[in-house]
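So you can see what is in the structure, the chains are spelled out below.
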Amino acid sequence: MKATIADIIRKNGRFEIITHAWPDADAIGSAYALYMALHVMNKEVRFICPTPIPEHLLLTPAPEENLFSAPEISLLVDVSDMGMIGDIRPEGMVVVIDHHKTNQGFGFVSWVCPNKSSASEMVYELLIELDIEITSPIATNIYMGIFGDTGGFVHTNTTARVFEIANRLTLKGADPSHVANQLRKNKSTTYYKILCLAMERIRICDSICASYITLDDLDKLRAGPNDASGIIEDLSSLAGVELSIFLRDVNTHQVHCSIRSRDGISARLTAQAFGGGGHDRAAGFTLEGRAEGLVGDVIKEGLKWVRMG
Ligand code: 5GP
Ligand code: MN
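Described below are features of the structure shown in this document. (Residues numbered from 1 in each chain as written. Chains lettered and ligands numbered in written order. Predicted model: local features only at pLDDT ≥ 70, side-chain atom pairs only at ≥ 80, totals over all residues. Heavy atoms only, no water.)

## Digging into the site of ligand 1
Reasoning step 1: Lining the immediate surroundings of ligand 1 are 16 residues, of which Asp81, His100, His256, Ser258 and Arg260 lie closest.
Reasoning step 2: For ligand 1, an oxygen atom lies 3.0 Å from a polar atom in the side chain of arginine 260.
Reasoning step 3: With the chains in place, 81% of the 490 Å² that ligand 1 exposes on its own is no longer accessible.
Reasoning step 4: Residue assignment for the shell around ligand 1 shows that the elements contributing at least two residues are strand 9 (254-261), strand 10 (277-278) and strand 11 (282-288).
Reasoning step 5: Domain assignment of the residues forming the shell around ligand 1 places at least three in each of domain 1 (2-184) and domain 2 (189-308). (Near = heavy atom within 4 Å. Polar contact = N/O pair within 3.5 Å; in protein donor to acceptor, adjacent residues only side chain to side chain. Areas by Shrake-Rupley, 256 points an atom, 1.4 Å probe, with all protein chains shown as cover. Helix = DSSP H or I, 4+ residues; strand = E, 2+ residues; numbered from the N terminus. Domains from an automatic or database assignment.)

## Points about the packing of aromatic side chains
Reasoning step 1: One pass over the full model with this rule turns up eight aromatic pairs.
Reasoning step 2: Note on tyrosine 32 and tyrosine 35: the rings are 6.5 Å apart at their centroids and 80° apart in plane angle, and the pair reads as edge-to-face. Pair noted here: tyrosine 32 and tyrosine 35 are both in helix 2 (residues 25-40), with a separation of three residues, about one helical turn. A single burial state applies to tyrosine 32 and to tyrosine 35, both of which are buried.
Reasoning step 3: Aromatic side chains phenylalanine 153 and phenylalanine 163 sit 5.5 Å apart centroid to centroid with 25° between the ring planes, which places their arrangement in the stacked category. In this pair, phenylalanine 153 is assigned in the loop between helix 4 (136-149) and helix 5 (160-171) and phenylalanine 163 in helix 5, connecting sequence segments ten residues apart.
Reasoning step 4: Through successive ring pairs, a cluster of aromatic residues spans Tyr143, Phe147, Phe153 and Phe163.
Reasoning step 5: In this structure, lysine 187 packs its charged tip against the face of tyrosine 191, placed 4.6 Å from the ring centre.
Reasoning step 6: Sitting over the face of the ring of tryptophan 22, arginine 248 holds its NZ or CZ atom 5.4 Å from the ring centroid. (Phe/Tyr/Trp six-rings, centres within 6.5 Å; stacked < 30°, edge-to-face > 60°. Buried < 20%, exposed > 50% of the residue type's maximum accessible area, 1.4 Å probe, protein only. Lys NZ or Arg CZ within 6 Å of the ring centre and 35° of its normal.)

## Quick word on helix 11 (residues 291-308)
Reasoning step 1: For helix 11, spanning 18 residues, the distance from its first C-alpha to its last is 26 Å, which sits close to the expected 26 Å at 1.5 Å a residue.
Reasoning step 2: Taken residue by residue, helix 11 has Ala291, Leu294, Val295, Val298, Ile299, Glu301, Gly302, Leu303 and Val306 as its buried positions.
Reasoning step 3: Of the surrounding secondary structure, the elements contacted by the buried residues of helix 11 are strand 6 (203-205), strand 7 (208-213), strand 8 (243-249), strand 9, helix 10 (266-273) and strand 11. (Expected span 1.5 Å × (residues − 1). Contact = heavy atoms within 4.5 Å.)

## Digging into the sheet that holds strand 1 (residues 14-19)
Reasoning step 1: Across the sheet, which stays open at both edges, the five strands sit in the order 2-1-3-4-5 with parallel pairing between neighbours. Sheet topology places strand 2 (44-48) and strand 5 (109-112) at the edges, where each strand pairs with a single neighbour. Across the sheet, the mean angle from the axis of one strand to that of its neighbour is 15°, orientation sign disregarded.
Reasoning step 2: Contacting strand 1, strand 3 (73-77), strand 4 (93-98) and strand 5, helix 1 (residues 2-11) crosses the sheet at an angle of about 135° to strand 4. (Pairing = 2+ DSSP bridges. Axes fitted to C-alpha atoms, helices over the stretch in contact; angles between N-to-C directions.)

## Quick word on the packing of helix 3 (residues 119-129) against helix 4
Reasoning step 1: Put simply, helix 3 and helix 4 touch, their axes get as near as 8 Å, and they point 145° apart. Judged by residue contacts, Ser120, Glu121, Tyr124 and Leu127 of helix 3 engage Ile138, Asn141, Ile142, Gly145 and Ile146 from helix 4.
Reasoning step 2: Of the residues belonging to the contact of helix 3 with helix 4, the class tally is five nonpolar, three polar and one charged. (Nonpolar A, V, L, I, M, F, W, Y, C, P; charged D, E, K, R; others polar.)

Next comes the structure, spelled out in structure tokens:
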């Protein structure tokens, strides 16, 4: 499938690259790297992210935007289903590059590799297939995506190939310390205030820990939508916890839930029970509802899977 996508890229001239809403390091890293590579190939290309990009993910200048009508190809990266791109409607033929286990295959061409650490790793393999020079900004973005989705080379998707690619990217100009500092040591004071609130109302049931943050909390702290990102990683660092759950109100009627499991696949199974998806150990969902009212239901569902696993 990688060769088919390389062929589609060679044979077409106008592209849009779309990544998922509430983008993480892999979403931006994979999309920017591909965006930059298509520029190198003298393609017309534009980039669409359904929601604002968190500033700490902008490690390189944004690629120059080309203005043109009607792309021939819509490249969806790190997107497991159309629900993840919100209201965006792709205008070209949809080609999917993704690594989510819950991706059931959609679009005209779909290259899905759940055994890859990240969409960024897949973009790296695609650029090698296309024989594109890995410039320093491309290397930085791919490295950032791999760092993000492996949890800083911690999760079980940290394979020998990941280190091999990270090594090559470092030789091409990615700066491991800079990426790690940007992604890990760059929290706002608002983040820690949210973390305090989340810790105050933490619920522990068996090996599950769960917490939430409401719209009211976010308003009082004057927090932006991205200020709570990363709280789930702190919850899941608690000793003895198998499944961690963090809910936050997105607006007056929608809630986002982040779920992590340590050894088993309960994160994915719990997310899927609420119509979401992701990976075995890192999953999530977005639903109509409010965080405070939903937290008990998610714990109940999680207990089912944790006890079974
Ligand atoms: P996060 O907790 O960082 O928002 O998401 C963790 C993982 O779950 C990511 O790989 C993400 O793609 C997936 N995920 C999060 N929210 C949703 C959702 O609403 N739908 C689906 N299908 N996957 C989600
Ligand atoms: Mn990803």
